[in-house]
Amino acid sequence: MKSNPEEYECRLEHITDYFSGKFGEVKDAIALMPANKVKLLYGIRTTDEGKMYQDVYTSMVLRNNSTAFDRLEKDVKERKSNGAYPNTVFEVCELKEYVVEATTFEPAPAASDPFASDGASPWDM
């Protein structure tokens, strides 16, 4: 604990409670400054089992009045190119519902037999 806690805006002390579904500490912290709003980037994370979950990009938070998303988009691309969030799809845009669309599978084009011989090779017997 800091000796002068009145100088600090927020300190979360019961993070282990979050895993039990107890978010009272976070709700209390938000209630202290109800006019403070931020913008977060949400994405869709797909597990190895094919299940989809909501994910939040925690590396950058924007002020609520921010309308320029260039830095955020650049940061997301840079981190993803370095291996972060490998199973999450982020789209920098206004808030919208994520809709999964069915994929149409077209039959593969008929390929010629790679082992067929046209007689042009001296190794053919």
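A quick note: this is a predicted structure, and the numbers were derived from the prediction, not measured.

**Concerning the overall build of the chain**
Step number 1: Scanning the chain from N- to C-terminus turns up three helices and three strands.
Step number 2: When its helices and strands are written in sequence order, the chain yields α-α-β-β-α-β.
Step number 3: Taking all 125 residues of the chain together, the buried fraction comes to 14%.

**A few points about unusual backbone geometry**
Step number 1: Notably, Tyr 85 is not glycine yet its phi reads approximately 50°, a positive angle.
Step number 2: Its location among the elements puts Tyr 85 in the loop between α3 (70-81) and β3 (88-90).

**Describing a nonpolar patch on the surface**
Step number 1: On the surface, a nonpolar cluster with roughly 500 Å² of combined accessible area is contributed by Val 38, Leu 40, Tyr 42, Val 61 and Leu 95.
Step number 2: Ranked by residues supplied to the nonpolar patch, first place goes to strand β1 (residues 38-46) with three residues.

**Re the pairing of strand β2 (residues 52-63)**
Step number 1: Direction of pairing for β1 relative to β2: antiparallel, over a ladder of eight bridges. When the bridges of β2 are listed, Gly 43 appears paired with Asp 55.
Step number 2: Hairpin remark: β1 followed by β2, antiparallel, with five residues in the connecting loop; positive phi at Gly 50, about 85°.

**Focus: the pattern of salt bridges**
Step number 1: Tallying each qualifying case throughout the model produces one salt bridge.
Step number 2: Across the pair Arg 79 and Asp 75 runs a salt bridge whose closest N-O atoms are separated by 3.1 Å. Remark: Asp 75 and Arg 79 occur in helix α3; sequence separation between them is four residues, near one turn of the helix.

**Let's talk about the side chain of Asp 55**
Step number 1: Mapping Asp 55 onto the fold places it in strand β2.
Step number 2: Arg 45 provides the closest opposite charge to the buried, salt-bridge-free Asp 55, at an N-O distance of 4.3 Å.
Step number 3: Within the structure, the side chain of Asp 55 is placed 2.9 Å from the side chain of Thr 88, a separation counted as a polar contact.
Step number 4: For Asp 55, the contacting residues outside a window of four places in its chain are Leu 41, Tyr 42, Gly 43, Arg 45, Tyr 85, Thr 88 and Phe 90.

Parameters and conventions
- Residues numbered from 1 in each chain as written.
- Predicted model: local features only at pLDDT ≥ 70, side-chain atom pairs only at ≥ 80, totals over all residues.
- Heavy atoms only, no water.
- Helix = DSSP H or I, 4+ residues; strand = E, 2+ residues; numbered from the N terminus.
- Buried < 20%, exposed > 50% of the residue type's maximum accessible area, 1.4 Å probe, protein only.
- Patch = residues over 30% accessible without salt bridge, like charges linked within 9 Å, V, L, I, M, F, W, Y side chains within 5 Å.
- Areas by Shrake-Rupley, 256 points an atom, 1.4 Å probe, with all protein chains shown as cover.
- Salt bridge = Lys/Arg side-chain N within 4 Å of Asp/Glu carboxyl O.
- Pairing = 2+ DSSP bridges.
- Lys, Arg positive; Asp, Glu negative; His and termini not counted.
- Polar contact = N/O pair within 3.5 Å; in protein donor to acceptor, adjacent residues only side chain to side chain.
- Contact = heavy atoms within 4.5 Å.

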